[in-house]
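Each chain is listed here by its residues.
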Amino acid sequence: MLDWINGVGTPTRPTTPLKVALVTAAGSDSAAGTEVAGGSYARQSLAGAASVSGATANSADVVFTGMPAATVVGVEIWDSAGSPVRLWYGPLAASRTVAAGDELRITAAALTLALS
């Protein structure tokens, strides 16, 4: 964003739809977390609301069905490019433990993305 604002380089817009991934071990600035695997788990599309004061949130529930048994500690947001790019990552307010076959739901407005 700083390069774009200062007229340096030409940024490439992420390929949509953006996808929400669940992780069982948190990522860092340099490495992705350990993504949930198994069951019917798959990354889910993120429906975003318009930004207000530098922040935005999901405008619809994000629902993961047929989860494998896991303890989810965070989320990551990826684009849909052929080689997906991780755009955001962060911890859940509290880890969520699910049993095999459970559903994990992130309710509308519960997933907030902000620039600080």
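The following paragraphs examine the structure supplied in this document. (Residues numbered from 1 in each chain as written. Predicted model: local features only at pLDDT ≥ 70, side-chain atom pairs only at ≥ 80, totals over all residues. Heavy atoms only, no water.)

1. Examining the environment of Ala69
1) Next: Topologically, Ala69 is positioned in the loop between strand E5 (62–64) and strand E6 (70–78).
2) Next: We classify Ala69 as exposed; its relative accessible area is 59%.
3) Next: Between the C-alpha atom of Ala69 and that of Asp102, which follows or precedes it by 33 residues, the distance is 8.0 Å.
4) Next: Dropping the residues within four chain positions of it, Ala69 is found in contact with Val98, Ala99 and Ala100. (Helix = DSSP H or I, 4+ residues; strand = E, 2+ residues; numbered from the N terminus. Buried < 20%, exposed > 50% of the residue type's maximum accessible area, 1.4 Å probe, protein only. Contact = heavy atoms within 4.5 Å.)

2. Considering the side chain of Asn58
1) Next: Examined against the element boundaries, Asn58 turns out to sit in the loop between strand E4 (55–57) and E5.
2) Next: For Asn58, the side chain forms a polar contact with the main-chain nitrogen of Ala110, separated by 3.2 Å.
3) Next: Non-local contacts of Asn58, meaning those with residues more than four positions away in its chain, are made with Leu46, Ala47, Ile106, Thr107, Ala108, Ala109, Ala110 and Leu111. (Polar contact = N/O pair within 3.5 Å; in protein donor to acceptor, adjacent residues only side chain to side chain.)

3. A few points about the nonpolar core
Inside soluble globular proteins, nonpolar side chains tend to come together where they are buried.
1) Next: Judged by nonpolar contacts, the single largest core of 20 residues is most densely connected at Val20, Leu22, Leu46, Phe64, Met67, Leu104 and Ile106.
2) Next: Counting only elements with at least two residues in this core, the list comes to strand E1 (19–25), E5, E6 and strand E8 (104–106).
3) Next: For this core, the element with the most residues is E6, which contributes five residues.
4) Next: In this structure, Val20 is in contact with Tyr41, Arg43, Gln44, Leu46, Val62, Phe64, Val75, Glu76, Ile77, Ile106 and Leu111, ignoring residues within four places of it in sequence. (Core = buried A, V, L, I, M, F, W, Y, C linked by side-chain atoms within 4.5 Å.)

4. Looking at the environment of Glu76
1) Next: Structurally, Glu76 can be placed in strand E6.
2) Next: When its relative accessible area of 3% is taken as the criterion, Glu76 is described as buried.
3) Next: Sequence separation between Glu76 and Gly90 is 14 residues, and the spatial gap between their C-alpha atoms is 6.6 Å.
4) Next: Setting aside anything within four residues of it in sequence, one finds Glu76 in contact with Lys19, Val20, Ala21, Val23, Gly27, Ala32, Gly33, Arg86, Trp88 and Tyr89.
5) Next: A distance of 3.1 Å separates polar atoms of two side chains, one belonging to Glu76 and the other to Trp78.

5. Re the packing of aromatic side chains
1) Next: Here the structure, examined in full by the defined rule, presents one aromatic pair.
2) Next: On the basis of an interplanar angle of 10° and a centroid distance of 5.7 Å, the ring pair of Tyr41 and Phe64 is categorised as stacked. With a gap of 23 residues between them, Tyr41 in the loop between strand E2 (34–35) and strand E3 (44–45) and Phe64 in strand E5 connect regions that are remote in the sequence. Phe64 matches Tyr41 in its accessibility class, with the two residues each being buried. (Phe/Tyr/Trp six-rings, centres within 6.5 Å; stacked < 30°, edge-to-face > 60°.)

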